Structure formats: C-alpha cells, structure tokens
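What the coordinates show
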Amino acid sequence: MTAVKPPLDSRSEKLKIHTNEIVRRMFVATADGNYIVARLAFFHQLPFDFYWLSLHALEKYYKAILLMNGRPVLQYKHHLAPLHQAVLDLDPRLPIGELIDPQIGHLRWIDETMDAWLARLDRFGAADNRYATYGYYLCEDDLFKVDQHVWNVRRCCRLFFQKLASNDGTEIVIDNV
C-alpha cells in the first residue's frame, strides 16, 4: 500500500505553524554559537575568526527576523547592509539603529555610522578575506560594537504581529514590536 501525500497547500500550512521553531533552531541557535565563539576569538587574538563569526551571527539573526515575519531571505546572500535595511523596513520602531559609545574608561571608541560599521564587518568577515586578501585592523571597540549590535538585533528575533481570533470571531492583532 502506498502512502498518499497530502496536497502541497496542506503541507505548507502545517509547515507555517512550525516555522518560528524551525527558524529558532536553524538560525537563532546557530547564531548564538557563532557569537559566543566570535567573542572567544577576539580574546584569543584570532581576528579573522572574530570577524567571520560576528558577520555570520548577525547575518543569521537578521535572516531569522525576516523569516519569522514572512519575508524571503535568499536574495540577500551574506551582505549585512541590505539585511539590516530589510529588517528596519519591517518596522521603523526597531531598536537597531546607531552604535553608542559605552563611555568606558580607557576604551578608544571610533565613531562610525551603522552603514560604515556594517561595510567594514562585511569586508573583514567576508569569505574572500579568510587568507588576508583585504587585510584587517582589529580595534578594541569592535568587541563592544559586536556585543551591542548582536544584542539589539537578537532581541528582535520574534514575530512582530500576531493575529488571533477572539471568541466572537473578530480578529485581534497583537503588536509585539
């Protein structure tokens, strides 16, 4: 006896129910690991690994946000600036704007826009730079910038708007931003 496959629409509807959990496992959990190891790489003077893993952690968090909110991600490849903009386009209230100098004693903080920071991280963390093709310069504030950026983006890894049916059949929209 051959098993009958349900129609594609039925399968895709069942998949939608579990999308956020799948995204959490495939993107958020692996990004968490990348972020932790990136921090270790920074403290062990492994700059290429620091940039590579930081880039990939942020890429995965951004893609998780887009996927959890019903947006496609294949067109973005590994570039952070377009992912950053796509996430901001979801809702301008998201707390992933500029980086803020933490005002720590002897820390040499280099002011740069978010666009400049993302471009530098894209360049230093790119696969093409694994063999020092473009070189790098590791600034002590980069760890603080990665920390700030990761925590601002990671806390946005959720469904922004939920639709629920009330007892009387009307639809209620919950704003989770």
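Note: the structure precedes this text.
Residues numbered from 1 in each chain as written. Predicted model: local features only at pLDDT ≥ 70, side-chain atom pairs only at ≥ 80, totals over all residues. Heavy atoms only, no water.

1. What to know about the nonpolar core
Which entries qualify depends on this criterion: We call a set of buried residues a nonpolar core when its members are Ala, Val, Leu, Ile, Met, Phe, Trp, Tyr or Cys and they connect through side-chain atoms within 4.5 Å of each other. Note on exposure labels: buried denotes an accessible area under 20% of the residue type's maximum, exposed denotes more than 50%, and partly exposed covers the range between, all computed with a 1.4 Å probe on protein chains only. Segments assigned H or I by DSSP are reported as helices when at least four residues long, segments assigned E as strands when at least two residues long, and all are numbered from the N terminus. Any two residues whose heavy atoms approach within 4.5 Å are treated as being in contact.
Residues Phe50, Tyr61, Ile65 and Leu66 are the most contacted members of the largest nonpolar core, which totals 44 residues. When residues of this core are traced back to their parent elements, those giving at least two are α1 (8-43), α2 (47-68), α3 (80-90), α4 (114-125) and α5 (141-154). It is α2 that contributes the most residues to this core, 12 residues altogether. Among all residues touching Tyr61, those that are not within four sequence positions of it are Val28, Ala31, Asp32, Tyr35, Val150, Val153, Arg154 and Cys157.

2. Brief notes about the pairing of strand β1 (residues 161-165)
For clarity, the cut-off: Note: two strands are recorded as paired if DSSP finds a minimum of 2 bridges between them.
Alignment of β1 against strand β2 (residues 171-175), held across 5 bridges, turns out to be antiparallel. In the sheet register, Lys163 faces β2, and the bridge partner there is Val173.

3. Focus on the side chain of His149
The line we're drawing: Identification of polar contacts relies on pairs of N or O atoms within 3.5 Å, with a donor-acceptor requirement for protein atoms, meaning one able to donate a hydrogen and the other able to accept it, and with residues adjacent in sequence counted only if both atoms are side-chain atoms.
Position of His149 relative to the elements: it lies in helix α5. One polar contact links His149 to Trp117, side chain to side chain, over a distance of 3.3 Å. Aside from chain neighbours lying at most four places away, what touches His149 is Leu58, Tyr62, His84, Leu99, Met114, Trp117 and Leu118.

4. Focus: the packing of aromatic side chains
Our working rule: Any pair of Phe, Tyr and Trp rings, taking the six-membered ring for Trp, is counted once the centres come within 6.5 Å. Such a pair is stacked with planes under 30 degrees apart, edge-to-face with planes over 60 apart, and tilted for the rest. Here, a charge over a ring is recorded when the distance from Lys NZ or Arg CZ to the ring centre is within 6 Å and its angle to the ring normal is within 35 degrees.
Going through the model one piece at a time under the given rule, you end up with 5 aromatic pairs. Here a set of aromatic residues connected by ring pairs shows up, and it is made of Phe42, Phe43, Phe50, Tyr51 and Phe124. In this structure, Lys145 is placed above the aromatic ring of Trp109, and the distance from its NZ or CZ to the ring centre is 4.9 Å.

5. Section: the pattern of salt bridges
The line we're drawing: Basic side-chain nitrogens of Lys or Arg form a salt bridge, by our definition, when they fall within 4 Å of a carboxyl oxygen of Asp or Glu.
Tallied over the entire structure, the rule returns 11 salt bridges. Here Asp32 and Arg154 are joined by a salt bridge, their closest N and O atoms 2.7 Å apart. Taken together, the residues span a long stretch of sequence, with Asp32 in helix α1 and Arg154 in helix α5 at a distance of 122 residues. Among the ionic pairs, Lys63 bridges to Glu59, the shortest N-O distance being 2.8 Å. With Lys63 and Glu59 both in helix α2 and 4 residues apart, the pair spans about one turn of that helix. The buried category is assigned to Glu59, whose relative accessible area is 5%. By sharing partners, the salt bridges in this structure join Glu112, Arg120, Asp141, Asp142 and Lys145 into a single network.

6. Some words on α4
Under the convention used in this document: One fewer than the residue count of a helix, multiplied by 1.5 Å, yields its expected span.
The first and last C-alpha atoms of α4 sit 16 Å apart over 12 residues, in line with the 16 Å expected at 1.5 Å per residue. Along α4, the residues that are buried comprise Met114, Trp117, Leu118, Arg120, Leu121, Asp122, Phe124 and Gly125. Its buried side turned inward, α4 meets α2, α3 and α5.

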